[in-house]
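# Close look at the chain arrangement
These are the residues of each chain, in order.
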Amino acid sequence: MDIIKKIEQEHLRMDLPTFRSGDNVKVHMRIVEGEKERIQVFQGNVIRISRGTVDATFTVRKISDGVGVERIFPMHSPFIEKVELITEGRVRRSRLYYLRALKGKSARIKPKNAY
């Protein structure tokens, strides 16, 4: 078992910021199209974090042209260039699936420093 843990430790990323559910993040993904490579930014609210070692993931939800778009990112993926924390949200639960049913102003998450 120690051999497996050592191999997993080699593939973990330590450069990601600590973020929680409800935070607004920008995820810079490296996209490969044929021989070209570019960076695409996906900005939205973190609605779920699945902890673990190498298999940890987080789900980001954004509204694009009035349609909700969710994307699941592997946390330790080499295709993630960087993750920027924009704002910290004030939420009381870890899974924010209720945002799928809301739209408009009610779907916003209050920032942590607002009173």
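Up top is the structure these notes are about.
This paragraph deals with the overall build of the protein chain. The helix and strand tally for the protein chain stands at one helix and five strands. Helices and strands in the protein chain line up, N terminus first, as α-β-β-β-β-β. Along the first, second and third principal axes, the C-alpha atoms of the protein chain reach 50 × 35 × 25 Å. Among the 115 residues that make up the protein chain, the fraction classed as buried is 33%. Pairs at least 24 residues apart make up 51% of the contacts formed inside the protein chain by residues separated by at least 6 positions. Total accessible area on the protein chain is roughly 8,400 Å²; 51% of this is exposed by carbon and sulfur atoms.

Here the focus is the nonpolar core. Within the largest apolar cluster, 16 residues are counted, with the highest numbers of intra-cluster contacts made by Phe19, Val27, Phe58, Val60, Phe73 and Val83. Mapped onto this core, the elements with two or more residues apiece are strand 1 (24-33), strand 2 (36-50), strand 3 (57-64) and strand 5 (80-87). Take this core: its biggest share by element is four residues, from strand 1. Excluding residues that lie within four positions of it along the chain, valine 83 makes contacts with Leu16, Pro17, Phe19, Val25, Lys26, Val27 and Phe58.

Sheets are built from strands paired through backbone hydrogen bonds, the pairs being either parallel or antiparallel. Read across the sheet, five strands follow the order 4-3-2-1-5 without closing on themselves; strand pairing throughout is antiparallel. Pairing within the sheet leaves two strands with one partner each, and these edge strands are strand 4 (67-74) and strand 5. Looking at each pair of strands side by side, their axes are set apart by 40° on average, direction ignored.

Attention now goes to the side chain of serine 21. Relative to the assigned elements, serine 21 resides in the loop between helix 1 (2-11) and strand 1. Judged by its relative accessible area of 9%, serine 21 is buried. There is a polar contact of 2.6 Å between the side chain of serine 21 and the backbone oxygen of serine 94. In this view, serine 21 contacts Val46, Ile47, Arg48, Ile49, Val91, Arg93, Ser94 and Leu96; residues no more than four positions away in its chain are not counted.

Mapped onto the fold, tyrosine 98 is located in the segment after strand 5. We classify tyrosine 98 as partly exposed; its relative accessible area is 40%. For the pair tyrosine 98 and isoleucine 47, spaced 51 residues apart in the sequence, the C-alpha separation amounts to 9.3 Å.

Here the focus is unusual backbone geometry. Residue aspartate 65 is not a glycine yet carries a positive backbone phi of 55°. Within the fold, aspartate 65 resides in the loop between strand 3 and strand 4.

The rules we used
- Residues numbered from 1 in each chain as written.
- Predicted model: local features only at pLDDT ≥ 70, side-chain atom pairs only at ≥ 80, totals over all residues.
- Heavy atoms only, no water.
- Helix = DSSP H or I, 4+ residues; strand = E, 2+ residues; numbered from the N terminus.
- Buried < 20%, exposed > 50% of the residue type's maximum accessible area, 1.4 Å probe, protein only.
- Contact = heavy atoms within 4.5 Å.
- Areas by Shrake-Rupley, 256 points an atom, 1.4 Å probe, with all protein chains shown as cover.
- Core = buried A, V, L, I, M, F, W, Y, C linked by side-chain atoms within 4.5 Å.
- Pairing = 2+ DSSP bridges.
- Axes fitted to C-alpha atoms, helices over the stretch in contact; angles between N-to-C directions.
- Polar contact = N/O pair within 3.5 Å; in protein donor to acceptor, adjacent residues only side chain to side chain.

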